[in-house]
Amino acid sequence: MTELHDGAQPDGTGRVDLSFTVEDAQRTVRVPPGVTVFDAASWNGIAIDSTCGGHGTCHKCKVRIDGPSPITRHDVKTFTRDQLDAGWRLACLVNATRDLTVDVPPLTTRPKAATVGVGRQVILRPAIQKRYVELEEPTLADQRTDLARLLAAVDDLEPVPDLHLLRRLPTVLRQADFKVTAVVVDEALIEVEPGDTTRQQYAIAFDLGTTTVVATLLDVGTGTPVAVASMLNRQQPFGGDVITRISATMMDPAALGRLQTAAQETLATLAAQVCDEGGVDPTHVYEVAVAGNATMTALALGIDPEPLGVAPFIMSSAQPPDLLASDLGLTLHPRARATLFPALGAYVGGDIVAGMLATGMDRDKRTRLFIDVGTNCEIVVSDGDRILSTAAPAGPAFEGGAIRCGMRAADGAIEVVRLGDTVELGVIGDVEPKGLCGSGLVDAVAELVKAGLLDASGRYVADDVAKEVAPALADRLTMLSNSKGAQERVFVLHRPTPDAEPEDCVVLSQRDVRELQFAKAAISTGWTLLLEELGLEHRDVQQVLLAGSFGSYLSAASAVRIGLVPKLPVLRIVAAGNVAGEGAKMALLSVRERAGAQALLEEVTYVELSDRTDFNDRFVDQLGF
């Protein structure tokens, strides 16, 4: 009979205790028997790496169980015999039927991310305004109200006070001998501070990404950044893409609240970090701007995202409401305002609007192609007069998901591959290679195509052909069992030791190549159809902007070689970086630019690819290299 915790019963009732250890910190949680270790951790805010959200497909939720635990066929394909004997299992496949002690590898909370990007010079005109005034004290002959006295002194503005201000005004005026600084955000008079604090005007710009969140603390008085920080979105245990997170809310009504909490905790952690690094009192931060896709925005606000995940893909609102920063869980000035970027569609969200603002897609007369490469790839094309946008379902390959040795862009990830007489690898952190991130995946496939080891259809060539076209690399082509037990051809990118077995190496499998083909075909189909809508051809494109963290580290030559972008001179392909974050900064530094972001809603036409009857045929046409 299975040994159970005192509170657990053989019929599945009661509770079991799970003791999690993460980086020397220990936490015990009590859950119903039968719950998976992954779900138990997620419910209690303990992050275990995953891109599939605990559905048993990504093989990344690796933990070590202290004590006997059943071994599944997925475990056998994921771990070596020694690792299995040491208790390593996939957390989503371990059902907690008894008390367990679980060692969790530390999650990479600061993946390699682009924190800056292409932007434009703006005329400094922030919504935050401060005015230092020295007021005449009231007398029997001058019995004006405190507010009237203050507003008369701030005669170049017409602010509207809120209750927070009125509660503080009498005390602060008298304690400061009527020498105070009025704080105005947009039309709201939100604070009166003792003395002259006009040099302390701060705001925080957030790029709320599905994988990575970036925060930039700005001095809006000078327009300069004070501190920048990034971290992994704490929603990650619910899945690596928006679809798995939407699915989580559909399967469990309580998941929406947990996802909202995770998003807000991420924002709050970064806000505290940049304020600490910049030596800034959080109460002197009066405004934040958030650029995120439609799903991330909805989850951060606690809005049900289910309609975004099912046809016809409807948002609750294109324009988020006016908010306080505290509505996003941020502890800054109590009346600090929050601005969220509007969205063009369910899958072309505020982050893309911010990116278009930063790159001036509505201002440049050249024909330009903007691509934000990710699980959901957003594409914008402008011919100088019209602007079209769409979204293409690229899948998780660029984030390392569904790739045999895939991983995020963190220490140990191969990010550069060059093939010649030898294999040259660029590894993040200059450490022993552990896996392959998105830019390394694109490089590897492009180099294999160039070397003749992958044919135009994406299939590895036969051994005799390999020995003829690339004799120095032919021995790296071998066979290896996949997750279903079938043999497939792989190319060995890195051997930890000269005699290492293929299963202990970092490899690129035939299935990995197929995953990349599907991803790049979806993207190239998207921009091809948009160009055709404008009556343009590939050669008409004068500039390609590759946005986001992935775009920052992607080799332009490799992107051209596999057909991810049009066949253009590489100098026309620009790594735009974190343009969503740049757009968020611009909105904080200039109310005129903020109005420009709103205007884009009217200027950009959204094209729904899933409604195109020719999409599938065009997709197949784009699969080849």
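As a reminder, the structure under discussion sits directly above these lines.
Heads up: these notes are all about the structure in this document. Note that the coordinates shown come from a computational prediction; the quantities given were computed from them, not determined experimentally. (Residues numbered from 1 in each chain as written. Predicted model: local features only at pLDDT ≥ 70, side-chain atom pairs only at ≥ 80, totals over all residues. Heavy atoms only, no water.)

### Some words on the overall build of the protein chain
Argument step 1. On a plain count of helices and strands, the protein chain comes out with 18 helices and 27 strands.
Argument step 2. A compact globule built from 625 residues would reach a C-alpha radius of gyration of about 25 Å, and the protein chain, at 27 Å, matches this within 12%.
Argument step 3. Here the C-alpha coordinates of the protein chain stretch approximately 100 × 70 × 45 Å along the principal axes.
Argument step 4. Out of the 625 residues in the protein chain, the part that is buried amounts to 55%.
Argument step 5. When the accessible surface of the protein chain is split by element, carbon and sulfur atoms take 49% of a total near 26,200 Å².
Argument step 6. Taken as two groups, the 57 positive and 83 negative side-chain charges of the protein chain have centres that lie 2 Å from each other. (Helix = DSSP H or I, 4+ residues; strand = E, 2+ residues; numbered from the N terminus. Rg over C-alpha atoms; globule rule 2.2 N^0.38 Å. Buried < 20%, exposed > 50% of the residue type's maximum accessible area, 1.4 Å probe, protein only. Areas by Shrake-Rupley, 256 points an atom, 1.4 Å probe, with all protein chains shown as cover. Lys, Arg positive; Asp, Glu negative; His and termini not counted. Charge placed at Lys NZ, Arg CZ, Asp CG, Glu CD.)

### Focus: the sheet that holds strand β13 (residues 285-292)
Argument step 1. Strand order in the open sheet made by the six strands is β12-β11-β10-β13-β15-β14, with mixed pairing throughout. Edge positions in the sheet fall to β12 (224-232) and β14 (323-324), since each has one partner strand and no second.
Argument step 2. With seven bridges connecting them, strand β10 (residues 202-208) and strand β11 (residues 212-219) associate as antiparallel partners. Across the sheet, the residue bridging to Ala205 is Thr216, located in β11. (Pairing = 2+ DSSP bridges.)

### Quick notes on the side chain of Glu515
Argument step 1. Locating Glu515 in the fold gives a position in helix α13 (residues 510-533).
Argument step 2. Residue classification places Glu515 among the buried positions, given a relative accessible area of 18%.
Argument step 3. Here Glu515 is in contact with Ala397, Ala402 and Ile403, once residues within four sequence places are set aside. (Contact = heavy atoms within 4.5 Å.)

### Notes on the nonpolar core
Argument step 1. Grouped together as the largest cluster of nonpolar side chains are 83 residues, with contacts concentrated most on Ile204, Phe206, Leu330, Leu332, Phe341 and Met356.
Argument step 2. In terms of residue count, helix α7 (residues 255-278) provides more of this core than any other element does, nine residues in total.
Argument step 3. Membership of the second largest hydrophobic core comes to 73 residues, among which are Ala470, Leu477, Val490 and Ile562. (Core = buried A, V, L, I, M, F, W, Y, C linked by side-chain atoms within 4.5 Å.)

Worth remembering: the numbers are spatial, not functional.
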